[in-house]
Structures are given as structure tokens and as C-alpha cells.
Amino acid sequence: MDVLINVLVALHIIGIAALLGGFLTQMKAMGAGTARFSPAMLHGALTMLVTGVVLVGLNQADDQPVNSLKIGIKMALLVVILGLVYVKRDEEKVDKALFGAVGGLTIANIFIATLWT
């Protein structure tokens, strides 16, 4: 069970890397007003959602303590991120504020994951 959980944690980190990497590569374009959501951002958010849900289930099945409030907040942020990226994925350019909001929510999600103990 530990190996499976560790593999899923690695996949979860790969998902956040794809989402944050997609945002960071578009920072210059965001300043010019031509930023767009890349497929990597959508796939990263989906990977995070699927692996996160499975990780919570596996941890509960393994009788590990799960902070439901923390997980709920992280999931709410991720659902908002995923919704924004999914709805605006085919647009040539995305509004600066909307693109910045996705980046800010992604960073907030990372800080919640790492600092909330």
C-alpha cells in the first residue's frame, strides 16, 4: 500500500508541476495580454484531482489520519482552477486577471499542502 501511495504522491506532484509550469511559461505573455491556458495546465489539474481523490481514499482505507477541512479547501480551489482552465481552454487569449487568478489559486494550493500541518 505504501508503494502505491508514494507513486500517487509522485503523480500528484507531476500534476502540480504541469499546472504551475504552464502558468509560469505564460507569465511574459500575460504581461502582454496574450496568455492562454495550455493543454498541460488542463491535464495537470485533472491529474491532481484524480490522484488527490485516490490518495484520500487510500489513506482513509489504511487508517491514516486525514484532515478533511484541509482536503476540502484544496479540492475547492482545484475545482475552481479546473473549471476556469476547462472553460477557457480554447480561447486565443485569456484576460490577465483570470489567468493571474489561476496562478494565484495554484500557488495557494501548494502553500496549503505544504504549510498546513
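Refer to the preceding data block for the structure.
## Side note on the overall build of the chain
Phase 1 of the analysis: Of regular secondary structure, the chain possesses five helices and zero strands.
Phase 2 of the analysis: Counting helices and strands in the order they occur from the N terminus, the chain gives α-α-α-α-α.
Phase 3 of the analysis: In terms of overall dimensions, the chain is globule-like: its C-alpha atoms have a radius of gyration of 15 Å, near the 13 Å expected for 117 residues.
Phase 4 of the analysis: Expressed along its principal axes, the backbone C-alpha trace of the chain runs to roughly 50 × 25 × 20 Å.

## Some words on the packing of helix α1 (residues 2-25) against helix α5 (residues 96-115)
Phase 1 of the analysis: Relative orientation of the contacting elements α1 and α5 amounts to 145 degrees, with a least axis distance of 10 Å. The crossing of α1 and α5 is left-handed. Residue-level contacts link I16, L19, L20, G22 and F23 of α1 to F99, G100, G103, T106, I107 and I110 of α5.
Phase 2 of the analysis: Within the contact of α1 with α5, the residues separate by chemical class into seven nonpolar, four polar and no charged.

## A short note on the environment of K96
Phase 1 of the analysis: Assignment of secondary structure puts K96 in helix α5.
Phase 2 of the analysis: Taking the C-alpha atoms as reference, K96 lies 27 Å from T114; in sequence the two are 18 residues apart.
Phase 3 of the analysis: Sequence-distant contacts of K96, defined by excluding residues within four places in its chain, comprise M30, G31 and G33.

## Considerations on helix α4 (residues 68-87)
What sets the pattern is the α-helix's 3.6 residues per turn: residues three or four places apart point alike.
Phase 1 of the analysis: With 20 residues, α4 extends 28 Å between its outermost C-alpha atoms, agreeing within 8% with the 28 Å of an ideal straight helix rising 1.5 Å per residue.
Phase 2 of the analysis: Along α4, the residues classified as buried are K70, K74, L77, L78, I81, L82 and V85. Each buried residue of α4 sits inside an arc of 135 degrees when the element is viewed along its axis, so together they form one side. Set apart from the buried face of α4 by more than 90 degrees, the exposed residues are S68, L69 and V87.
Phase 3 of the analysis: Structurally, α4 contributes buried residues whose contacts are with α1, α3 (39-61) and α5.
Phase 4 of the analysis: One side-chain oxygen at the N-terminal end of α4 lies 3.3 Å from the backbone nitrogen of L69; it belongs to N67.

## With respect to the nonpolar core
Where a protein is soluble and globular, its nonpolar side chains tend to be buried together.
Phase 1 of the analysis: The biggest cluster of nonpolar side chains holds 20 residues, and the ones touching the most others in it are L19, F23, F37, M41, V85, F99 and V102.
Phase 2 of the analysis: Beyond its immediate chain neighbours, meaning those up to four positions away, L19 contacts A40, M41, G44, A45, M48, I81 and T106.

## Things to note about a nonpolar patch on the surface
Phase 1 of the analysis: A contiguous nonpolar patch, built from V3, V7, L11 and I14 and spanning about 360 Å² of accessible area, is present on the exposed surface.
Phase 2 of the analysis: Note that L11 resides in helix α1.
Phase 3 of the analysis: With relative accessibility at 35%, the residue L11 sits in the partly exposed group.

## Re the side chain of N109
Phase 1 of the analysis: Tracing the sequence through the fold places N109 in helix α5.
Phase 2 of the analysis: According to the relative accessible area criterion, N109 is buried, its value standing at 2%.
Phase 3 of the analysis: Within the structure, N109 has its side chain in polar contact with the side chain of K74 (distance 2.6 Å).
Phase 4 of the analysis: Each residue touching N109, except ones within four places of it in the same chain, is listed here: M48, K74, L77 and L78.

Rules of the game
Residues numbered from 1 in each chain as written. Predicted model: local features only at pLDDT ≥ 70, side-chain atom pairs only at ≥ 80, totals over all residues. Heavy atoms only, no water. Helix = DSSP H or I, 4+ residues; strand = E, 2+ residues; numbered from the N terminus. Rg over C-alpha atoms; globule rule 2.2 N^0.38 Å. Axes fitted to C-alpha atoms, helices over the stretch in contact; angles between N-to-C directions. Left-handed = near helix turned anticlockwise from the far one by under 90°. Contact = heavy atoms within 4.5 Å. Nonpolar A, V, L, I, M, F, W, Y, C, P; charged D, E, K, R; others polar. Expected span 1.5 Å × (residues − 1). Buried < 20%, exposed > 50% of the residue type's maximum accessible area, 1.4 Å probe, protein only. Arc of directions from axis to C-beta. Polar contact = N/O pair within 3.5 Å; in protein donor to acceptor, adjacent residues only side chain to side chain. Core = buried A, V, L, I, M, F, W, Y, C linked by side-chain atoms within 4.5 Å. Patch = residues over 30% accessible without salt bridge, like charges linked within 9 Å, V, L, I, M, F, W, Y side chains within 5 Å. Areas by Shrake-Rupley, 256 points an atom, 1.4 Å probe, with all protein chains shown as cover. Salt bridge = Lys/Arg side-chain N within 4 Å of Asp/Glu carboxyl O.

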